[in-house]
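Structural overview for review
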Amino acid sequence: QGRGAVRGCEQPTTKGKSVGHLRASPGVSAHLREPCQSTVGFARMPQGQLINDAKVLQAYQGTEGSVPVAPTAAEIQAYTRMLNQPGEIQPHGFFLLLHENEDGSRIVKACSENVTQIFGRPPSEVIGMSLLELFTDPARLTAAFKMRDLKFANPVTVKTAFKDDSTKGSTVNVILQRNAGGLIVDMEGFDASENSFAVHQRVRVAIDRLNSTDKVAEMCNQVVEELSSATGYDRVMVYKFHEDMHGEVMAESKDDSLPTSWMGLHFPATDVPQRTRDQLKTELVRIIVDAQVVHSPIVTPEGDADLPNGIAVNLGGSTLRRPHVCHAEYLVNMGVRSSLVLAIVAKDTLWGLIVCHHTDPRFTSFQMRMACEFLAQALAMRIASVLDAEAHTRRDHSIQINAKLCDIMYQQGQNPGLRLAGLLAHSPSMLDLVPHVNGAAIHLAGRITTEGKVPDMDTLQKLFDRALYRDPQLEGPPQVQAWDCLEKEDPALGALSPDTAGMMSVPIVSEGALLFFRPELSSTIRWSGDPKHAARASDSEDGGARTLHPRSSFATYTDSVKRHSALWVKADMAAAQELGALVDDVLSAVDGHEGMRPNVLVRLNNERMRTQHDKEEQLLELATFIDTVKAPVLGLEPDGTIVQWNAMFAEITGHRKNDIVGKKFDHFVPESNRKELHEAIHKATMGEETNGLRLVVVRADAAHLPASQRRVELLARVTGRFGPDKRCTGVIIVSQTMGGLGTSNAKQTAVEEQLDAVLHLTADNMLGDQGGGGGGGGEGH
């Protein structure tokens with residue numbers, strides 16, 4: 001593969017081989033992860049030695065009786081290298097790795113083998129050239145590099161300089177980013193016929209529709225229908241991760257030509273390993289254009305100690321990174337040729353994915369992917385809003401019930417037994433604290449008190465013994481414990497179903513405990529393939545390392561779940577733990593410490609404050625989201641005081657957010673422009689929107705700049721936001737630059753239209769909840 005003084009990737013090429021016979025590197029496992037134990041798709045024997053793919057598979061299936069444990073740092077590094085350093089790129093694009101010199105020049109130090117197609121030069125000639133020599137309009141790239149955050153510049157649309165024939169140059173989208181290995185330049189085809197403005201308009205309408213419902217299922221259905229229509233993929237799904245990280249298809253839009261619906265199907269956690277989930281959460285978008293194509297190797301200079309071969313090049317964050325060989329086979333086994341995956345990150349957690357599949361090769365432009373990503377972010381924000389509302393409702397409920405239970409205990413006099421009995425004998429009772437509970441029991445000083453459907457006394461004593469058992473090796477105070485299937489702990493306990501299937505225990509003082517019981521909740525789960533057969537390994541023909549393959553069957557497998565209760569979620573355990581703390585305080589007061597009563601009140605008040613803190617965090621998350629938007633955005637109080645100043649505004653003006661929030665905006669606007677600004681703000685407070693306002697902002701370093709560069713000129717849209725009482729709570733200004741970095745006005749307007757739709761969802765929360773004051777703060781491997 002070498003040309004001249006360079007050589008290509010030393011990793012075996014896929015050319016001439018079917019995807020089904022690709023080999024994973026020894027010691028590396030894809031699509032294998034023991035839920036809640038391994039973190040990156042690796043397993044390690046108890047002795048600590050690294051094991052190969054075959055043993056990973058056997059450990060997962062239990063054939064050797066070993067239990068996977070947390071991997072070493074070396075194992076994590078090895079697995080990560082196979083994802084981020086495959087040595088090849090997808091051939092629909094072209095790749096450069098640049099070294100940035102102190103003098104500002106950027107020199108190619110590695111490239112994909114296929115760059116000859118767009119530059120008319122072999123890789124041996126491209127390596128060592130300046131980036132600006134390779135394009136006919138380098139000024140756009142130079143302007144982009146002045147941005148402190150390159151994501152605000154992407155994509156830069158430029159024309160390549162074809163050697164000896166300028167007519168053969170290609171117009172490409174250049175996508176710039178930096179990682180630990182250097183400056184990455186991805187180049188993809190640019191389609192001048194694509195109406196990106198129309199696409200963004202559609203996305204804006206879709207975002208508006210998200211605000212019409214507070215049901216997550218309806219939101220997901222709206223999104224898959226819109227993305228299916230906009231992108232043309234055969235199947236578009238919303239894939240939700242459950243607490244054990246297995247996935248479920250929550251919504252689906254599919255082409256009529258596909259015979260089978262995957263709606264409601266569950267997929268094993270091993271289909272999307274933890275390391276892949278982490279990467280999707282960071283990169284947000286992943287496109288695979290053709291799972292069966294021959295990839296283009298990365299070429300490095302001969303004799304370069306830092307880059308001995310293409311595998312040494314870090315492709316983390318690259319849009320062109322080749323999929324892992326095991327994932328490519330996984331897609332083929334599914335009957336899928338191309339995919340687009342969008343992460344749904346709600347409250348800094350990977351809630352799920354939007355997964356688009358196509359039976360033929362399919363390329364989606366960067367502009368379209370950006371629009372899809374924006375819709376995914378808007379969906380994530382709406383989901384986070386719903387989750388927050390549900391969490392606040394649960395929290396408020398638990399605070400109210402715990403406060404009433406506390407009062408009931410104090411009304412029972414000084415006897416500790418009577419105080420505890422009050423938790424069960426009155427309304428509300430312990431059973432009202434946590435949903436789906438049908439029985440409760442209290443153990444203190446050898447006495448057991450019960451209410452509702454509970455096991456017999458002998459069984460109860462055994463359950464209390466289990467709940468109160470303390471492993472001598474564990475440090476710290478006893479913790480809340482929960483079991484959703486008592487039969488797993490002791491087969492004899494299966495006889496308690498259907499009245500009792502799950503239990504939660506809460507330790508209290510004097511070696512006592514509170515028990516909550518839940519009945520059986522029988523259910524049927526439809527899996528896409530048998531989850532017990534998630535992967536397989538086959539012997540190689542040459543007797544070398546065994547080859548790892550993903551599962552090949554996706555036939556529907558029905559699993560009947562019996563003798564399980566509803567899952568005990570974090571909110572259930574938090575409410576029960578708070579009750580346990582209150583009981584401890586109340587019983588301590590019985591022992592002659594009546595001063596503990598204020599501690600109880602303080603504890604309840606702290607819980608209320610925590611609820612308010614969570615609401616404030618939601619506003620902070622909103623402000624962080626607005627910071628990622630590629631358009632200048634600011635929020636004002638009705639009197640013109642700045643309360644929100646996003647990263648793009650800071651980028652183009654040089655005024656940092658911390659330095660400008662809390663000050664009057666007109667202090668940063670020239671006198672000649674203030675009258676128009678004041679009129680627009682006044683109209684906004686009266687409910688009248690202003691479009692096309694010419695807005696001038698003085699740069700932070702204006703005194704040191706030529707006169708022509710001291711101001712930033714913007715076209716702005718000024719809108720008022722109003723609270724439930726119809727009073728104006730603030731003003732939002734969404735703007736676009738009147739120049740740009742080689743991007744079209746249509747692109748800028750499209751971004752502004754997107755943002756306006758998101759602000760329609762969120763601005764009332766951002767400004768209204770503050771009372772008009774305060775500052776703002778198995779897919780895709």
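Residues numbered from 1 in each chain as written. Predicted model: local features only at pLDDT ≥ 70, side-chain atom pairs only at ≥ 80, totals over all residues. Heavy atoms only, no water.

1. Some details on the overall build of the protein chain
Within the protein chain one finds 19 helices and 28 strands. Taken across its 781 residues, the protein chain has 53% of its residues classed as buried. Accessible surface, the protein chain as shown: approximately 33500 Å² in total, 50% of it carbon and sulfur. (Helix = DSSP H or I, 4+ residues; strand = E, 2+ residues; numbered from the N terminus. Buried < 20%, exposed > 50% of the residue type's maximum accessible area, 1.4 Å probe, protein only. Areas by Shrake-Rupley, 256 points an atom, 1.4 Å probe, with all protein chains shown as cover.)

2. A look at helix α5 (residues 138-145)
When we look at burial in α5, the residues that qualify are L141, A144 and F145. Taken end-on, α5 shows its buried residues confined to a sector of 95 degrees, consistent with a single buried face. Looking at the packing, one finds that the buried side of α5 touches β4 (106-112), β5 (156-159), β6 (171-179) and β7 (182-189). (Arc of directions from axis to C-beta. Contact = heavy atoms within 4.5 Å.)

3. Here we look at the pattern of salt bridges
Applying the stated rule across the entire model yields 22 salt bridges. Of the charged contacts, one joins E252 and R235 as a salt bridge, the two residues approaching to 2.6 Å between their closest N and O atoms. A residue pair is termed long-range when its members are at least 10 positions apart, and E252 in strand β9 (residues 247-254) and R235 in strand β8 (residues 235-241) qualify at 17 residues. Exposure remark for E252: the relative accessible area of 14% places this residue in the buried category. (Salt bridge = Lys/Arg side-chain N within 4 Å of Asp/Glu carboxyl O.)

4. Examining the nonpolar core
Judged by nonpolar contacts, the single largest core of 58 residues is most densely connected at L353 and I354. Membership of the second largest hydrophobic core comes to 55 residues, among which are L96, M147, L677 and L693. (Core = buried A, V, L, I, M, F, W, Y, C linked by side-chain atoms within 4.5 Å.)

5. Thoughts on helix α18 (residues 671-685)
Under the 1.5 Å per step criterion, the end-to-end length of α18 is 22 Å for 15 residues, consistent within 8% with the ideal 21 Å. Listed in full, the buried residues belonging to α18 are N673, L677, A680, I681, A684 and T685. One side of α18 holds all its buried residues, which, seen down the axis, span an arc of 135 degrees. Residues of α18 that are exposed and point over 90 degrees away from its buried face: S672 and K675. In the core, the buried residues of α18 are packed alongside β24 (633-636), β26 (690-698), β27 (711-722) and β28 (728-737). (Expected span 1.5 Å × (residues − 1).)

6. Some points on the packing of helix α7 (residues 216-231) against helix α10 (residues 366-410)
Packed helices, taken two at a time, are described by the angle their axes make and the gap between the axes. Viewed as axis vectors pointing N to C, α7 and α10 meet at an angle of 175 degrees, and their least axial separation amounts to 11 Å. Looking at the two axes, α7 sits roughly antiparallel to α10. Judged by residue contacts, V216, M219, C220, V223, E226, L227, A230 and T231 of α7 engage M368, C372, L375, L379, R382, I383 and V386 from α10. For the contact of α7 with α10, a count of residues per class yields 12 nonpolar, 1 polar and 2 charged. (Axes fitted to C-alpha atoms, helices over the stretch in contact; angles between N-to-C directions. Parallel < 35°, antiparallel > 145°, perpendicular 65-115°, else oblique. Nonpolar A, V, L, I, M, F, W, Y, C, P; charged D, E, K, R; others polar.)

7. Quick notes on the packing of aromatic side chains
Enumeration according to the criterion identifies 6 aromatic pairs in this entry. Each ring, one from Y239 and one from F267, has its centre 5.7 Å from the other, and the planes form 55 degrees; the classification is tilted. Note that Y239 is positioned in strand β8 and F267 in strand β10 (residues 266-267), a separation of 28 residues in sequence. Judged by relative accessible area, F267 falls into the buried class, the value being 2%. These aromatic residues form a ring-pair network of at least three members: Y239, F241, W262 and F267. (Phe/Tyr/Trp six-rings, centres within 6.5 Å; stacked < 30°, edge-to-face > 60°.)

8. Considering the sheet that holds strand β17 (residues 481-483)
Picture the strands of a sheet paired through backbone hydrogen bonds; they go either parallel or antiparallel. Across the sheet, which stays open at both edges, the 5 strands sit in the order β16-β15-β19-β18-β17 with antiparallel pairing between neighbours. In this open sheet, the two strands that pair with only one neighbour each are β16 (447-452) and β17. On average, each strand axis in the sheet is tilted by 15 degrees relative to the strand beside it, whichever way the strands run. Contacts between helix α11 (residues 416-425) and the sheet are confined to β15 (439-444), β16 and β18 (502-508), with β15 contributing the most and set at about 175 degrees to the helix. (Pairing = 2+ DSSP bridges.)

9. Things to note about the pairing of β9
The buried fraction of β9 is high, at 6 of 8 residues. Taken together, the 7 bridges between β8 and β9 define a ladder with antiparallel strand orientation. The residue of β9 that forms the bridge with R235 is K254. The loop that links β8 with its antiparallel partner β9 comprises 5 residues; one of these, M245, has a positive phi angle of about 75 degrees. Of the pairings in the sheet, the one linking β9 to β10 comprises 2 bridges and is antiparallel in character. When the bridges of β10 are listed, G247 appears paired with F267.

10. A word on the packing of α10 against α11
With their axes 8 Å apart at the nearest point, α10 and α11 run at an angle of 135 degrees to one another. It follows that α10 is oblique to α11 by the angle criterion. Remark: the crossing between α10 and α11 carries right-handed chirality. Two secondary-structure elements touch here, α10 through L405, I408, M409 and Y410 and α11 through R419, G422 and L423. (Left-handed = near helix turned anticlockwise from the far one by under 90°.)

11. Focus on the environment of V238
Among the structural elements, V238 can be located in strand β8. Between the C-alpha atom of V238 and that of V341, which follows or precedes it by 103 residues, the distance is 9.9 Å.

12. Points about the sheet that holds β24
Reading across from one edge, β25-β24-β28-β27-β26 is the order of the 5 strands in this open sheet, with antiparallel pairing throughout. Whereas interior strands pair on both sides, the edge strands pair on one side only; in this sheet they are β25 (642-645) and β26. Here the average twist between neighbouring strands, direction ignored, is 30 degrees. Taken together, the 4 bridges between β24 and β28 define a ladder with antiparallel strand orientation. The residue bridging G635 from the neighbouring strand is I732, located in β28.

13. Digging into the state of the cysteines
Tallying each qualifying case throughout the model produces 0 disulfides. C372 takes part in no disulfide bond, and the closest cysteine sulfur to it belongs to C356, at a distance of 6.5 Å. Owing to a relative accessible area of 2%, C372 belongs among the buried residues under this scheme. (Disulfide = S-S within 2.5 Å.)

14. A look at the environment of K240
Mapped onto the elements of the fold, K240 is located in strand β8. The class for K240 is partly exposed, based on a relative accessible area of 24%. A sequence separation of 11 residues divides K240 from A251, and the C-alpha atoms of the two residues are 9.3 Å apart. In this structure, K240 is in contact with H246, G247, E248, M250, W351 and G352, ignoring residues within four places of it in sequence.

15. Examining the confidence of the model for the protein chain
Close inspection of predicted coordinates is inappropriate in any region flagged by low pLDDT. For the protein chain, per-residue confidence averages 78 on the pLDDT scale, and residues scoring 70 or more make up 74% of the total. Predicted confidence is poor over residues 1-72, with pLDDT under 50, and the contacts of this stretch with residues over four places away or in other chains come to 181 contacts. Taken as a whole, residues 592-598 scores under 50 in pLDDT and shows 11 contacts with residues more than four places along the chain or in a different chain. (pLDDT = per-residue confidence, 0-100.)

16. A word on the pairing of strand β3 (residues 94-100)
With 5 of 7 residues buried, β3 lies mostly within the body of the structure. Relative to β7, β3 runs antiparallel, the two being bridged by 5 bridges. Within the sheet, the bridge partner assigned to L97 lies in β7 and is I184. Linking β3 to β4, which pair antiparallel, is a turn of 5 residues; within it G104 sits at a positive phi near 95 degrees.

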